[in-house]
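Chains, contacts and geometry: an overview
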Amino acid sequence: MHCFAKITIVPFALAEWPWKDELELALEEIFGIEVSWHADVPLPPGAFDPARGQYRGTPFLEALMRLRRDPKEIMLGVTAEDLYDGGLNFIFGLASPAGVCVISLKRLDNRFYGLPQDDTLYFKRVLTEAVHEIGHVLGLPHCPNPHCVMHFSNSLADTDQKGYRFCPDCAAKAKAALCPK
Ligand SMILES: [Zn+2]
Ligand SMILES: [Zn+2]
């Protein structure tokens, strides 16, 4: 059976982001597999929609598929740009079970909403969205438990409520999709 053995985080034009080590360590702790950072890559050409001032999510997934070298590898893209996809006004992230996902940092920062900067809350949101999208790559659907990281987020309030931990059911499903040590 196919399984995933490592996570590669790909920064899209994100050279200056100060949370790289924290994110790597936190994902390693949660999934128990190797996590590393790819070199910085440019934003996908053609992803920007000038009429909306946002980027389409799908070209990020396509760029990640082209960078991917190993069928056991999960590629997690990170961008500071605002994303949308399909009929949605915006998305926190997007995933494909083919092994790739992307998160947008834009709407995770209090300052986007005119609120004071809060580093602790910001990083918790980043981790929550990253774990959620990786969960989708591992084949997990949305979960009805509002405290599970796989619960659907309609808003940042949902994200803040659920946190970055899997419920026991989802934790078991996630573990089954990871390669045995
Ligand atoms: Zn989701
Ligand atoms: Zn769950």
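These remarks concern the structure in this document. (Residues numbered from 1 in each chain as written. Chains lettered and ligands numbered in written order. Predicted model: local features only at pLDDT ≥ 70, side-chain atom pairs only at ≥ 80, totals over all residues. Heavy atoms only, no water.)

1. Topic: the coordination of the zinc ion (ligand 1)
Any two of four tetrahedral donors ideally make an angle of 109.5 degrees at the metal, while pairs among six octahedral donors ideally make 90 or 180 degrees. Rule in force here: Water is not among the atoms examined, so metal sites may look incomplete; donors are the N, O and S atoms within 2.8 Å of the metal, or within 3.2 Å for Na, K and Ca. Secondary structure counts use DSSP, requiring at least four H or I residues in a row for a helix and at least two E residues in a row for a strand, with both numbered from the N terminus.
Distances from the zinc ion (ligand 1) to its protein donors, namely H132 (NE2), H136 (NE2) and H142 (NE2), fall within the range 2.0 to 2.1 Å. Spacing between the donor residues of the zinc ion (ligand 1) along the chain follows H-x3-H-x5-H. Separated by four residues within a single helix, H132 and H136 lie in helix α3 (residues 119-137), roughly one turn from each other.

2. As for the coordination of the zinc ion (ligand 2)
Filter applied, for reference: Square planar and octahedral assignments, for four and six donors respectively, both demand that opposite donors be over 155 degrees apart and that all other angles lie between 65 and 115; tetrahedral needs four donors with all angles between 85 and 135 degrees, and anything else is irregular.
Looking at the zinc ion (ligand 2), the protein donor atoms are C143 (SG), C148 (SG), C167 (SG) and C170 (SG), and they sit 2.3 Å from it. If you look at the zinc ion (ligand 2), its four donor atoms make angles of 105 to 113 degrees with each other, and the shape they trace is tetrahedral. Binding-site remark: the zinc ion (ligand 2) is held by donors from one chain whose sequence spacing is C-x4-C-x18-C-x2-C. Of the two residues, C143 is situated in the loop between α3 and α4 (156-162) and C167 in the loop between α4 and α5 (168-177); the sequence distance between them amounts to 24 residues.

3. Describing the state of the cysteines
Filter applied, for reference: Note on disulfides: each one is a pair of cysteine sulfur atoms within 2.5 Å. Residue exposure (1.4 Å probe, protein chains only): buried if accessible area is under 20% of the type maximum, exposed if over 50%, otherwise partly exposed.
Going through the model one piece at a time under the given rule, you end up with one disulfide. Residue pairing for C3: its cysteine sulfur links by disulfide to C179, the two sulfurs lying 2.1 Å apart. In this structure, the disulfide formed by C3 and C179 twists by about 95 degrees around the S-S bond and is classed as right-handed. Of this pair, C3 sits in the segment before β1 (6-12) while C179 sits in the segment after α5; the two residues are 176 residues apart in sequence, bridging distant segments of the chain. The exposure classification of C3 matches that of C179, with both residues buried. Cysteine C101 remains unbridged, with the sulfur of C170 as its closest cysteine sulfur at 16 Å. Look at C101 and you get buried, because its relative accessible area is 0%.

4. Description of the sheet that holds β1
Whether parallel or antiparallel, the strands of a sheet pair through hydrogen bonds between backbone atoms. As a reminder of what qualifies: For two strands to be treated as a pair, DSSP must find at least two bridges joining them. Working convention: axes come from line fits to C-alpha atoms, limited for helices to the stretch in contact. Angles between N-to-C directions cover 0 to 180 degrees. By the convention used here, residues are in contact when the closest approach between their heavy atoms is within 4.5 Å.
Here we have five strands laid out as an open sheet, ordered β2-β1-β5-β8-β7, and mixed in their pairing. Only two strands of the sheet have a single neighbouring strand rather than two, namely β2 (34-37) and β7 (93-96). Sheet twist, expressed as the mean angle between neighbouring strand axes with direction ignored, is 15 degrees. Strand direction decides the pairing type here: β7 and strand β8 (residues 100-104), joined by four bridges, are antiparallel. From the neighbouring strand, G93 faces β8, where its bridge partner is I103. The sheet strands contacting helix α2 (residues 58-67) are β1, β5 (73-79), β7 and β8, and the helix crosses β8 at an angle near 135 degrees.

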